[in-house]
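A look at the structure
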Amino acid sequence: MQFNVRPYVCGALGRIDPVVLGKLTGAGPRVRPALQMPGAALFSSAPLPPYHRAEGSFAFAWGERRPSGSPAGGWMTVAETYETPGLIGEGERVTLHAGALGLVDVYYVRLGEAVYFSSLIQPLLALVPVEIDWAAWASILQVTFPLGEATPFAGVRRLPGSGALVADQDRLATERRLPRWLRGEPYETWISAGELLEILHEVYKDYEGRRLLVPVSGGYDSRLLCAVAVARGADVESWTTSPDDGTDTDIAFARAITRELRVPHRVITQDAAAYPGDAREVARRLEYLTPHHAWYAPFAKEVHGAGRVLVDGLAGGPLLKNFMVSGAALEATSQAERSAAVLRSLSLGEPSQPFLSPGAREWIEEAVGEQFAAATSMFHGHRAELPLSVLHTRTVRGIARSAVNLVGPEASFAAPFVHPDFFDAALSVGVARKDKGRFYRELLHAADPRVAALPSTNVVKQPLRRVPLRSTAAPARVYAHGMLQTVAERVPALLSEQMHEVVWGGPDALTRFGGWNDRFWVRGLVLLGLWLNDFENDLGELAPPF
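What comes next is a walk through the structure. (Residues numbered from 1 in each chain as written. Predicted model: local features only at pLDDT ≥ 70, side-chain atom pairs only at ≥ 80, totals over all residues. Heavy atoms only, no water.)

Tallying each qualifying case throughout the model produces four cavities of 30 Å³ or more. By volume, the largest cavity amounts to about 300 Å³. The wall of the largest cavity is formed by 22 residues, among which Y275, Y479, V522, R523 and V526 lie closest to the centre. Elements supplying a minimum of two residues to the lining of the largest cavity: α8 (275-285), α20 (474-490) and α22 (516-534). Considered class by class, the residues forming the lining of the largest cavity number 15 nonpolar, four polar and three charged. (1 Å grid on protein atoms, 1.4 Å probe; cavity = no way out; pocket = protein on both sides within 12 Å on 5 of 7 lines; lining within 4 Å. Points joined across faces, edges and corners; volume = space filled by probe spheres on them. Helix = DSSP H or I, 4+ residues; strand = E, 2+ residues; numbered from the N terminus. Nonpolar A, V, L, I, M, F, W, Y, C, P; charged D, E, K, R; others polar.)

Written out as structure tokens, the structure is:
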């Protein structure tokens, strides 16, 4: 991992132990001091000047978008305007904050009266024992990402979006603020598709003069972003790769879209024999947080050398087309029904056979339910509760990792849909107007009616053809079986009797798991197996709670 466009940072605040801080700075990428003073320390892999410095005060940020001048509105204004983490000092008060959504990771441990933090989990493991967080793994297995502050490691927490850690006169405190979109409820303003498109054009002014790479798939988000880039006369290319969904419909549809837009188009090919290596590399690079994105590895590597800014459709689904918002959630008559419906949408569906033992399944469902309720309680009763519940969980903790942690920090990425102006305007459009993609189709038609008319994977139900899956080919089965063996041996109580029989049957027994839900249940367990293997020498008793 090369920290080209976003530095690796680590540091501490509070009553800092210099020996512990030395362990932290020596455990990760090479760093240099950006700030050293009583009660606060910040180190960075690249020069990191403060964006504000005055007598008795300082302010640092390390996202790609950074402010300038004094943070007059406080840390929350910086977090929600620039979606960046940072460190702000004013007198004896020092604040470590995340971005408002929390897209850029900040991990931390608390030891005594100090907090030690890092952009990566791994360096923090030099400070605390390696122990499994079963609640985090419950979420990873059921919804494919951790919830709240959880990480796979019990001793390491993740600073959540709109959250901060504050050291003030040797006292440590946690601070949570309401982001802009919760402080002022975005009532329906009846903004038109054309007006929202104008806002998107304004957002693109931030990228003027930069060479853009817009990955086009067969869906709505990418074609909208590419159409706007073309309309603005940008220097734009488009690439597509297989999402390993067994159809490759994205590739066929992307060719039609880019041909209509007259954009140079390239298909990044993938090799089934390379899948095990890709899966291991992505899992380790993402620090075991999600089983997603193995298919994205060859694409991300190519982006690193492209010399272009990747324009990513992050958050487009929840903001513009009710992605992961079911009819049951829309029609719910109580908070409990609504929350349960959203969680069902985010959770993996029933596999073709039981994967988990009855005791494990019961415990996992209860643990995930509690974590989801805590992670989304701030949205309860809000007009945009449904899309915000998806954005602050699945989008941030799972989906964003491809752009933030696989494309970045080597290459720049832009996420136009999370720009404050567009985000607020899109959130103000009621979920009823977005139902079944109606509003999004109006937006696409306003952007380019010819591109809007082309087939989309958002509406096509049957694939044009079937193609072999990399993730279920023979090399992937051998790899997956090895990891499942590890789970079966180390945590036998987790798996059902039927799953133990599958593991006993060898790699080819996994050929029965070709369905969508089956594949993701397998990937989650394989991720756990890799984690258990990688930390075999550091882990003590696992002591599962089921």
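A few words on the pattern of salt bridges. Taken as a whole and assessed by the stated rule, the structure comprises 28 salt bridges. Here R157 makes a salt bridge to D133, at a shortest N to O gap of 2.6 Å. Taken as a pair, R157 in strand β10 (residues 157-158) and D133 in the loop between β9 (114-118) and α3 (134-143) lie far apart in primary sequence, 24 residues in all. Given a relative accessible area of 23%, R157 falls into the partly exposed group. Among the residues examined, D133 registers a relative accessible area of 11% and is labelled buried. Here R450 and D448 are joined by a salt bridge, their closest N and O atoms 3.7 Å apart. (Salt bridge = Lys/Arg side-chain N within 4 Å of Asp/Glu carboxyl O. Buried < 20%, exposed > 50% of the residue type's maximum accessible area, 1.4 Å probe, protein only.)

A separate point is the sheet that holds strand β3 (residues 40-44). The sheet built from six strands is open, its strands ordered β2-β3-β1-β9-β8-β10 with antiparallel pairing. Of all strands in the sheet, those bounded by a partner on one side alone are β2 (32-37) and β10. In this structure, strand β1 (residues 9-14) lies alongside β3, joined through five bridges in antiparallel fashion. Residue pairing in the sheet places L13 in a bridge with A40 of β3. (Pairing = 2+ DSSP bridges.)

All chains considered together, the criterion is met by 20 aromatic pairs. Measuring from centroid to centroid gives 5.2 Å for Y296 and F299, while their planes differ by 45°, and the two rings are tilted. Per residue, the accessibility class of Y296 equals that of F299, and both read buried. These aromatic residues form a ring-pair network of at least three members: W137, F153, Y288, W531 and F535. Over the ring of W239 we find R266; its NZ or CZ atom is 4.8 Å from the centre of that ring. A cation over an aromatic ring shows up here: R523 above the ring of F520, its NZ or CZ 4.6 Å from the ring centre. (Phe/Tyr/Trp six-rings, centres within 6.5 Å; stacked < 30°, edge-to-face > 60°. Lys NZ or Arg CZ within 6 Å of the ring centre and 35° of its normal.)

Put simply, the second largest pocket is a space of about 460 Å³. Breaking the lining of the second largest pocket down by element, the ones donating at least two residues are α2 (75-82), α4 (180-183), β17 (413-414) and α16 (420-428). Per element, the largest residue contribution to the lining of the second largest pocket is three residues, and it comes from α2. Taken together, the residues that form the lining of the second largest pocket break down as 14 nonpolar, four polar and eight charged.

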